[in-house]
Amino acid sequence: MREIIDFHIHPFYNKNRNVCFYNNTVNSLDDFVSDLKRAGVTRICGSVIERIEVKSFDDIKSLNDEALLMRDELNGYYIPGIHIHPAFVKESIAELERMKNAGVTLVGELVPYFMGWENYYDDNMVQIYSAINELKMVVSLHTQQEDTIEQAVRAFPQITFVAAHPGDKASFLRHLERIKKYKNYYLDLSGTGIFRYGLIAHGVNEVGSERLVYGSDYPICNPQMYISAVLFEKLKEEDYNNIFAGNAKRILCLE
Ligand SMILES: [Zn+2]
């Protein structure tokens, strides 16, 4: 069986945190896991997300706590990603330490527009990245405010940043330029983009297959469709292996 790590999913216990657009498609964590297994996914990574007005850092913690509980229930199938919030620097740094002690290495997917923040680079984020750097954690981020993504990637060359979503052609080409410029920059293939035939082969031609990471954005997106999109591109076996699992394992130091 092919090893497939979906780097970009959003699991939930709490139904308010179910990001599937169509009600009753995915109703529980059991549905969630059985869909992914049915698609052939062997492991998953990602954060619990909810569109919230953040009033205190407890709102953020509650998402992270849910992720930890699911990790324990899913027994190695799920690699949790956690949230920080730039309006709460001290609390975010303490949270990073708490989570690192609990064995978490992934921050994100960060989805700022869901939680009332915007920029990936400012004085507060610099303090948070410094802690991430020290704790040797990896950052997965939703692509928005690309200038500030680039500032962060440049300022913290030791941190691996995995940006999400190829997007439209112009956006994808900007991702490729950043990959060429910065060794610590990766792109996950989830969300909008890979239904455009040839996108992945073009990316592999331009930057190699070591910097592209498979992801779907399930349960927003159909995971089987994303796997097929990768497999139908004319790539070498080695490239499929890198994209589907090898890169995620290297980035997250997984067995
Ligand atoms: Zn996203």
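As a reminder, the structure under discussion sits directly above these lines.
What counts as what
- The residue numbering used here restarts from 1 in each chain and proceeds along that chain's sequence as written.
- A pLDDT threshold of at least 70 governs which residues receive local features in this predicted model, and a stricter bar of 80 or more applies before side-chain atom pairs are shown or counted, although totals over entire chains, interfaces and linings include all residues.
- To get the side-chain values, all heavy atoms of the structure are used, and hydrogens and water are removed first.
- Put simply, DSSP H or I for four residues or longer makes a helix, DSSP E for two residues or longer makes a strand, and each gets a number counted from the N terminus.
- Think of a polar contact as two N or O atoms within 3.5 Å of one another; within protein, one of them needs to be a possible hydrogen donor and the other a possible acceptor, and neighboring residues in sequence only count if both atoms come from side chains.
- In what follows, a contact means two residues having at least one pair of non-hydrogen atoms within 4.5 Å.
- The span one expects for a helix is its residue count, reduced by one, times 1.5 Å.
- Only protein chains enter the calculation, and the probe is 1.4 Å; a residue is then buried if its accessible area is under 20% of its type maximum, exposed if over 50%, and partly exposed in between.
- In this description, the arc belongs to the directions extending from the helix axis to the C-beta atoms.
- Any two strands between which DSSP finds at least two bridges are classified as paired.
- With strands facing away from the observer, any crossover in which the path from the first strand over the helix to the second runs clockwise is taken as right-handed.
- Distances decide who is a donor: an N, O or S atom must be within 2.8 Å of the metal, or within 3.2 Å for Na, K and Ca. Water is not included, so sites may look incomplete.
- Each Phe, Tyr or Trp ring (for Trp, its six-membered ring) is paired with any other whose centre lies within 6.5 Å, and the angle between the two planes then decides the class: stacked below 30 degrees, edge-to-face above 60, tilted in between.
- In our convention, an over-ring charge means Lys NZ or Arg CZ found within 6 Å of a ring centre and within 35 degrees of that ring's normal.
- Here, a salt bridge means any Lys or Arg side-chain nitrogen found within 4 Å of an Asp or Glu carboxyl oxygen.

Caption draft 1: A look at the side chain of His165. Residue placement: His165 occurs in the loop between β6 (161–164) and α6 (169–181). Within polar-contact distance, the side chain of His165 engages the side chain of Glu109 at 3.5 Å. With residues up to four places along the chain from it excluded, the contact list for His165 reads His8, Glu109, His142, Thr143, His175, Leu187, Asp188, Ser190, Gly191, Thr192 and Asp217.

Caption draft 2: Looking closely at helix α4 (residues 123–134). With twelve residues, α4 extends 17 Å from end C-alpha to end C-alpha; this agrees with the ideal 16 Å at 1.5 Å per step. Turning to α4, its buried residues number three or more, namely Met125, Ile128, Tyr129, Ala131 and Ile132. Down the axis of α4, the buried set is contained in an arc of 155°. They therefore lie on one face. For α4, the exposed residues set more than 90 degrees away from the buried face come down to Asp123 and Glu134.

Caption draft 3: A look at the pairing of strand β3 (residues 78–82). Counting buried positions along β3 gives five out of five residues, so the element sits mostly inside the fold. Every second residue of β3 is oriented toward a common face, with Tyr78, Pro80 and Ile82 on one face and Ile79 and Gly81 on the other, all of them buried. Sheet topology places strand β2 (residues 43–47) next to β3; four bridges connect them, and they run parallel. Paired with Ile44 across the strands is Tyr78, a residue of β3. This β-α-β element, β2 to helix α2 (residues 57–74) to β3, shows right-handed connectivity.

Caption draft 4: Spotlight on the coordination of the zinc ion. Protein coordination at the zinc ion: the donors are Glu109 (OE), His142 (ND1) and His165 (NE2), at 2.0 to 2.3 Å from the metal. Considered as a linear motif, the donors of the zinc ion on their single chain read E-x32-H-x22-H. Of this pair, His142 sits in strand β5 (residues 138–142) while His165 is found in the loop between β6 and α6, placing the two residues 23 residues apart along the sequence.

Caption draft 5: Structural context of the packing of aromatic side chains. Counting across every chain of the model gives nine aromatic pairs. When the ring of Tyr197 is compared with that of Phe232, the centres are 5.7 Å apart and the planes differ by 40°; the resulting orientation is tilted. In this pair, Tyr197 sits in the loop between β7 (185–188) and α7 (199–207) while Phe232 sits in helix α8 (residues 223–232), placing the two residues 35 residues apart along the sequence. Accessibility classification places Tyr197 together with Phe232 in one group, the exposed group. In textbook terms, an aromatic cluster arises when at least three aromatic residues are bridged by ring pairs, as seen for Phe12, Phe32 and Tyr218. Directly above the ring of Tyr77 sits Lys37, whose terminal nitrogen or CZ lies 4.7 Å from the centroid.

Caption draft 6: The arrangement of the pattern of salt bridges in detail. Overall, the coordinates contain 14 salt bridges when judged by the stated rule. Between Arg71 and Asp72 there is a salt bridge, with its nearest N and O atoms 3.4 Å apart. For Asp72, a relative accessible area of 51% translates into the label exposed. Lys181 is the partner of Glu150 in a salt bridge, and the nearest nitrogen-oxygen pair spans 2.9 Å. In this pair, Glu150 is assigned in helix α5 (residues 146–155) and Lys181 in helix α6, connecting sequence segments 31 residues apart. A relative accessible area of 56% means that Lys181 is categorised as exposed.

Bear in mind that shape data such as this cannot, by itself, settle questions of function.
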